[in-house]
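If you want the building blocks of each chain, they are given just below.
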Amino acid sequence: MSISSGAVRRKARNAPTGIVIEPHTLARTAIVTLLERELAGWTFIDMISTASLDKALGMDVRLITLDLAGRGVRSSSLLDDLAAVAARFPKAPIALLSDTDDVSVATQALQMGIRGFFTTALPIEIALAGLRLVLAGGVFCPHPLGAFGDDAALHLVPAEEQPEPRRLRHDDPMLADFTPREADVLAELQCGSSNKVIAGKLNLSGHTVKMHLQHIMRKLQVQNRTEVVARLGGRSSPGDGAAVT
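Residues numbered from 1 in each chain as written. Predicted model: local features only at pLDDT ≥ 70, side-chain atom pairs only at ≥ 80, totals over all residues. Heavy atoms only, no water.

Where an unreviewed UniProt entry is consulted, the protein chain appears under the name DNA-binding NarL/FixJ family response regulator, with the organism given as Ensifer adhaerens.

Written as C-alpha cells, this is what we have:
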C-alpha cells in the first residue's frame, strides 16, 4: 500500500497517536507497520516532513519519530524541525532515527532534549525495548554505541537533564516476586549499571550477577537486560499506551 504525506493509518482521534516523519517511503512504511503491530489501538500518522504536522493537531500525540536523514544535529534544518514539533506537541517525546552511531552525535541529541536515539544498526528487539522505555518516560540510547550484547547498558543523560526516573524500594509491591538480592540487582539495572559495576557495588561475582539476571528475566518473561528496564518503566506508568509483551 502506498503511503502519502500526512496519511492517517487509523481514524480514532481519541486514541494515543504516533507520528512518523521519514522522507523515504520504504523506511516509513516499515516503521509504521512495526509500530502498528507493537502498539495496538494507536493511531499512526506518517509524513515526509514536518510540513504536515498540522494534520495531527487535536489528536493525543504521545510519540514522534524523526529521521535525522544525514543532517547534522545542530543543522538549521533539524533545529527548524524540532522547533515545529515543540510548537505543536510540546509534551510529546521525540525519538531520533539515525544512520550513524557516532557517540558525539548521540550525546548532542540527548542534550538537546531528544528522548530516544535509535540507529539503523540496532537489533529490532532492542529498538522496541528502547521505544517502550521512551514511552514510559525514560531516555534511551544504546551504550556503548555499536555494541549490543547482553551486557550492553542503557546510556542515560545526566539526571539534571532528564525527568527523575521512578526508583524501586525494597517495600515496592512490584518486587514481591523477587528475592532481596534480585531486588538489589534490579535497582542497579534501573540506574543503567553494567554487570561489572553491579558486581562491585553488591560485592558479588560476575557469575552470580549473571545468575540473578537470568532469574529476573525469566520472572519478567523478557529476553535481555534492556527489556528488563523497559518492562519496569512501562509498569510504573499505567495507561501510557506502551504495551509490554
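(A) Up close: the environment of lysine 196. Structurally, the position occupied by lysine 196 is in helix H6 (residues 195-202). Sequence-wise, lysine 196 and glycine 206 are ten residues apart; in three dimensions their C-alpha atoms are separated by 6.5 Å. (Helix = DSSP H or I, 4+ residues; strand = E, 2+ residues; numbered from the N terminus.)

(B) Structural view of the pairing of strand E3 (residues 43-47). Burial analysis of E3 places five of its five residues in the buried class, the great majority of the element. On E3, burial covers both faces: Thr43, Ile45 and Met47 on one face and Phe44 and Asp46 on the other are all buried. A crossover links strand E2 (residues 16-21) with its parallel partner E3, the connecting element being helix H1 (residues 25-38), and its sense is right-handed. (Buried < 20%, exposed > 50% of the residue type's maximum accessible area, 1.4 Å probe, protein only. Right-handed = clockwise from strand over helix to strand, strands pointing away.)

(C) Inspection of the pairing of E2 at higher detail. Burial analysis of E2 places six of its six residues in the buried class, which makes it a mostly covered element. With burial as the criterion, each face of E2 is covered, one bearing Pro16, Gly18 and Val20 and the other bearing Thr17, Ile19 and Ile21. Pairing of E2 with strand E4 (residues 60-67) involves six bridges; the strand directions are parallel. Its bridge partner being in E4, isoleucine 21 is matched across the sheet by leucine 66. Alignment of E2 against E3, held across five bridges, turns out to be parallel. In the strand pairing of E3, valine 20 is matched with aspartate 46. (Pairing = 2+ DSSP bridges.)

(D) Structural detail: the pattern of salt bridges. A full pass over the atoms with the stated rule returns eight salt bridges. The residue glutamate 38 makes a salt bridge to arginine 132 at a minimum N-O spacing of 3.2 Å. Taken together, the positions of glutamate 38 in helix H1 and arginine 132 in helix H4 (residues 124-135) put the pair 94 residues apart, joining distant regions of the chain. A relative accessible area of 15% means that glutamate 38 is categorised as buried. Aspartate 184 serves as the salt-bridge partner of arginine 181, at 3.0 Å between the closest nitrogen and oxygen. A residue pair is termed a helical-turn pair when its members lie 3 or 4 positions apart in one helix, as arginine 181 and aspartate 184 do in helix H5 (residues 180-190) at three residues. (Salt bridge = Lys/Arg side-chain N within 4 Å of Asp/Glu carboxyl O.)

(E) Quick look at H4. Its twelve residues give H4 an end-to-end C-alpha distance of 17 Å, which sits within 8% of 16 Å, the value for a rise of 1.5 Å per residue. A large share of H4 lies buried, amounting to ten of its twelve residues. Taken together, the buried positions of H4 are Ile126, Ala127, Leu128, Ala129, Gly130, Leu131, Arg132, Leu133, Val134 and Leu135. Glycine 137, located one to two residues past H4, shows a positive phi value of around 105°. (Expected span 1.5 Å × (residues − 1).)

(F) Structural detail: the environment of lysine 91. Structurally, lysine 91 can be placed in the loop between helix H2 (76-88) and strand E5 (94-98). With relative accessibility at 82%, the residue lysine 91 sits in the exposed group. For the pair lysine 91 and valine 61, spaced 30 residues apart in sequence, the C-alpha to C-alpha distance is 8.5 Å.

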